[in-house]
Number of protein chains: 2
Amino acid sequence: MNSKKVIETIIKSHGPIKQVYWVACGGSLIDLYPAHFMMQSESSTIESGWYTSREFLISTPKKLGQHSLVVMCSHSGNTPESVEAAILAHKAGAAVITLTDCAGSKCDDPRFYTCVYPWGDDVPTLEIPSGISLSLAAELLYAQEGFAKYDAIYNGIHAMDTIVPAAKRKVQQELCEPFASLCAAHPFFYILGSGANFSQTYGFAICSLMEMQWQHCAYIHSGEYFHGPFEATEPGVFYFLQMGSGACRAMDERALAFLQTHTDQLMVLDTLEYGMDAVDPSVRDYLDSVLLYAMNVELRAARGRKLNHSPETRRYMGVETY
Amino acid sequence: MNSKKVIETIIKSHGPIKQVYWVACGGSLIDLYPAHFMMQSESSTIESGWYTSREFLISTPKKLGQHSLVVMCSHSGNTPESVEAAILAHKAGAAVITLTDCAGSKCDDPRFYTCVYPWGDDVPTLEIPSGISLSLAAELLYAQEGFAKYDAIYNGIHAMDTIVPAAKRKVQQELCEPFASLCAAHPFFYILGSGANFSQTYGFAICSLMEMQWQHCAYIHSGEYFHGPFEATEPGVFYFLQMGSGACRAMDERALAFLQTHTDQLMVLDTLEYGMDAVDPSVRDYLDSVLLYAMNVELRAARGRKLNHSPETRRYMGVETY
């Protein structure tokens, strides 16, 4: 998708965009979070909202209208509540961009600006939803307000294409086997992260582990950890900490210091040790999640091998009617 | 707090409010979520953001300024990152309202509009943070845009004072003992909810259970459940479902239908059976959480009695330095 051109076209036909709503379900929703997080922090005029599709349908923002942009993502292209949300937004007069892996799906509709993205191991970050959504946010900021980090974010998106493959090899060598062993020993564990990375904390839990491994776990925000959840920490309880490389890292560091002295079952994935030092510090908070997603994929695969549970296995999704 | 007067005063001195940020940590943050949720849905002009305090400090919205209102809540009045966030907001020119239980605390500062709220069993909903925050949101909507549900929300807040005591007795009779037994049998379980109630799904998990009972659990959004987490469901896995009484209930009903046929360990707290039918349907989504909080208190107390773990017990919070 040529994000620059799409945003320019939308602004030309809709006038200035006042609200962006990122709408999807599960893994697709997770991919849109860093762009939402960046908009919330970096925009001086545009509101940003992030919704699971059904909640967007039920509790639709009253503002939704001509000056709204809805970015909807559905990998299959046919997620019913996501398609319904996109149609609702279109009817309300909003500009609607849909991202899907499936040409000809319900997402791929002339009412929407549709991007059919490729999927697979070697697809550049800029061409998958986590990169596309950041580029859309960057172009919108640039076109309407100017965006001092414009070059930094694009350079960072490109840098991820080098960082991720190297990080995969490193995580395979260093973390995969110990992680799989910890999973085998713990029927339940906690995952911690913060900032935009919290999307991949959530995603590791609900997609990689609950969905693909039937592994019970809980996701906790590193900043919120000290306001309740840390009371459940003790030796024998397994914590997996995702440490960011940007400003939000301060929250993860505080959690690390506590965890190191209060449990003997701790695994840390520090993005700074996995190549994020090559990215401009001012945009690391928005890009760590690309790395963390790729690491989640490796870790779940390792667990699957150890416990003989392929990440492709489903017993309900796409199998039963619900 | 006279919310009407405070909002009028703020609008007079700051001009129209364009953004409201609800900022706090843990249980206090949870209390502010329904007001944020209502603003997001009902406002045609005002943006609403909801932040754990440290993240607000680190990833401060660029918009924060004269036309922003920050509502900060700290029960003790001295939560360091929350106090720091309020000071940051004040320095940026924003109007700052602080809610605290502690007169003379750092929250109770002449730079802020401070409400010192009472706490205890028989305090009216309108005088505690969950009610105050809704009244602030309602007054802001009313003053700047008009708000068709203005009377309905206030009538609903008052109705909670009758609904909650009756619901407490009912939950004590019907759910407390079975819940405590299920906790004794399950070292880990899932809690589901949606909409504004998701704050109490999260709150039940991180405050009532992890913090006050050292009970491992995970919180799942009912709408997101079908996009990953449901694959972990099977007989023997305990799910606690909080069902709302408003429009968001549709998400909980879908989860209910699946859970009833896919696990044999299910407990349902249906707010419609606990008195919420007395509230105007158009505002139930915003008020269920008041009921759910009170039920969480009863349920954790019952677990505490059964497993000899007082909800007042802490091993780290206020005990260690962290």
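Residues numbered from 1 in each chain as written. Chains lettered and ligands numbered in written order. Predicted model: local features only at pLDDT ≥ 70, side-chain atom pairs only at ≥ 80, totals over all residues. Heavy atoms only, no water.

A word on the overall build of chain A
In step 1: Of the regular secondary structure elements, chain A holds 10 helices and nine strands.
In step 2: Over its C-alpha atoms chain A spans a radius of gyration of 20 Å, differing by no more than 12% from the 20 Å that the globule rule assigns to 322 residues.
In step 3: Over its C-alpha atoms, taken along the principal directions, chain A stretches across nearly 60 × 45 × 40 Å.
In step 4: Residue burial in chain A is summarised as follows: out of 322 residues, 64% are buried.
In step 5: Total accessible area computed for chain A in this model is approximately 11000 Å², and 51% of it derives from carbon and sulfur atoms. (Helix = DSSP H or I, 4+ residues; strand = E, 2+ residues; numbered from the N terminus. Rg over C-alpha atoms; globule rule 2.2 N^0.38 Å. Buried < 20%, exposed > 50% of the residue type's maximum accessible area, 1.4 Å probe, protein only. Areas by Shrake-Rupley, 256 points an atom, 1.4 Å probe, with all protein chains shown as cover.)

A word on the packing of aromatic side chains
In step 1: Scanning the model with the defined rule gives 64 aromatic pairs over all chains in all.
In step 2: Centroid distance Tyr 225 of chain A to Tyr 239 of chain A: 6.1 Å. Interplanar angle 70°. Geometry classified as edge-to-face. Note that Tyr 225 of chain A is positioned in the loop between β7 (216-221) and β8 (238-243) and Tyr 239 of chain A in strand β8, a separation of 14 residues in sequence.
In step 3: Using a relative accessible area of 0% as the deciding quantity, one classes Tyr 225 of chain A as buried.
In step 4: Plain terms: the ring middles of Phe 230 of chain A and Tyr 322 of chain B are 4.8 Å apart, the flat faces sit at 70° to each other, and that makes the pair edge-to-face. Note that Phe 230 of chain A is positioned in the loop between β7 and β8 and Tyr 322 of chain B in the segment after α10 (284-307), a pairing that runs across two chains.
In step 5: Under the relative-accessibility criterion, Phe 230 of chain A is labelled buried at 0%.
In step 6: Above the ring of Trp 214 of chain A, the side-chain terminus of Arg 315 of chain A is found at 3.6 Å from the ring centroid. (Phe/Tyr/Trp six-rings, centres within 6.5 Å; stacked < 30°, edge-to-face > 60°. Lys NZ or Arg CZ within 6 Å of the ring centre and 35° of its normal.)

With respect to the pattern of salt bridges
In step 1: This structure, assessed with the given rule, holds 24 salt bridges over all chains.
In step 2: A salt bridge links Lys 149 of chain A to Glu 42 of chain A; the shortest N-O distance between them is 2.6 Å. Of this pair, Lys 149 of chain A sits in the loop between α5 (129-145) and α6 (150-174) while Glu 42 of chain A sits in helix α2 (residues 26-42); the two residues are 107 residues apart in sequence, bridging distant segments of the chain.
In step 3: Given a relative accessible area of 22%, Lys 149 of chain A falls into the partly exposed group.
In step 4: Look at Glu 42 of chain A and you get buried, because its relative accessible area is 6%.
In step 5: Two residues, Glu 253 of chain B and Arg 249 of chain B, come together in a salt bridge whose shortest N-O distance is 2.9 Å. (Salt bridge = Lys/Arg side-chain N within 4 Å of Asp/Glu carboxyl O.)

Describing the sheet that holds strand β2 (residues 47-52) of chain A
All names here are of chain A.
In step 1: The sheet built from five strands is open, its strands ordered β2-β1-β3-β4-β5 with parallel pairing. Strands at the two margins of the open sheet, each flanked by one partner only, are β2 and β5 (113-116). Shown here is a sheet whose adjacent strand axes are inclined to one another by a mean of 15°, direction ignored.
In step 2: Relative to strand β3 (residues 68-73), strand β1 (residues 19-24) runs parallel, the two sharing six bridges. Note that in β3 the partner of Val 20 across the bridge is Leu 69.
In step 3: Against the sheet, helix α4 (residues 80-91) makes contact with β1, β3 and β4 (95-100), and its axis sits at roughly 165° relative to β3, the strand it touches most. (Pairing = 2+ DSSP bridges. Axes fitted to C-alpha atoms, helices over the stretch in contact; angles between N-to-C directions. Contact = heavy atoms within 4.5 Å.)

Some words on unusual backbone geometry
Most peptide bonds take the trans form, and the phi angle of most residues other than glycine is negative.
Residues and elements named next belong to chain A.
In step 1: At Trp 214, a position not held by glycine, the phi torsion is positive, near 50°.
In step 2: Looking at the secondary structure, you find Trp 214 in the loop between α8 (198-213) and β7.
In step 3: Accessibility expressed as a relative area gives 26% for Trp 214, which makes it partly exposed.

A look at the pairing of β7 of chain A
Residue and element names in this part refer to chain A.
In step 1: Among the six residues of β7, six are classified as buried, and the element is accordingly described as predominantly covered.
In step 2: By the alternation rule, side chains of β7 split into His 216, Ala 218 and Ile 220 and Cys 217, Tyr 219 and His 221, which are all buried.
In step 3: In this sheet, β7 lies alongside strand β6 (residues 188-193) in parallel orientation, the contact comprising six bridges. If you follow Phe 188 over to β7, its bridge partner there is His 216.
In step 4: Crossover β6 to β7 through α8 is right-handed. (Right-handed = clockwise from strand over helix to strand, strands pointing away.)

Looking at the interface of chain B and chain A
In step 1: Facing 69 residues of chain B, the contacting portion of chain A comprises 69 residues.
In step 2: Applying the counting rule to chain B against chain A returns four salt bridges.
In step 3: For Glu 234 of chain A, the salt bridge identified is with Arg 315 of chain B, shortest N-O distance 2.6 Å.
In step 4: At the junction of chain B and chain A, the tally comes to 35 residue pairs in polar contact (both at pLDDT 80 or more).
In step 5: For the side of chain B that touches chain A, the elements supplying multiple residues, two or more each, are α2 (26-42), β2 (47-52), α3 (53-58), β6 (188-193), α8 (198-213), β7 (216-221) and α9 (249-262) of chain B.
In step 6: A total of seven residues in the side of chain B that touches chain A trace back to one element, the largest contributor, which is α2 of chain B. (Polar contact = N/O pair within 3.5 Å; in protein donor to acceptor, adjacent residues only side chain to side chain.)

Structural notes on α8 of chain B
Since the α-helix packs 3.6 residues into each turn, any two residues three or four apart lie on the same face.
All names here are of chain B.
In step 1: Of all the bends in α8, the largest measures some 35° and sits at Phe 204.
In step 2: The element α8 is extensively covered by neighbouring structure, given that 16 of its 16 residues are classed as buried.
In step 3: Directly beyond the C-terminal end of α8, a positive phi value near 50° is found at Trp 214. (Bend = angle between axes of the 7 residues up to and from the residue.)

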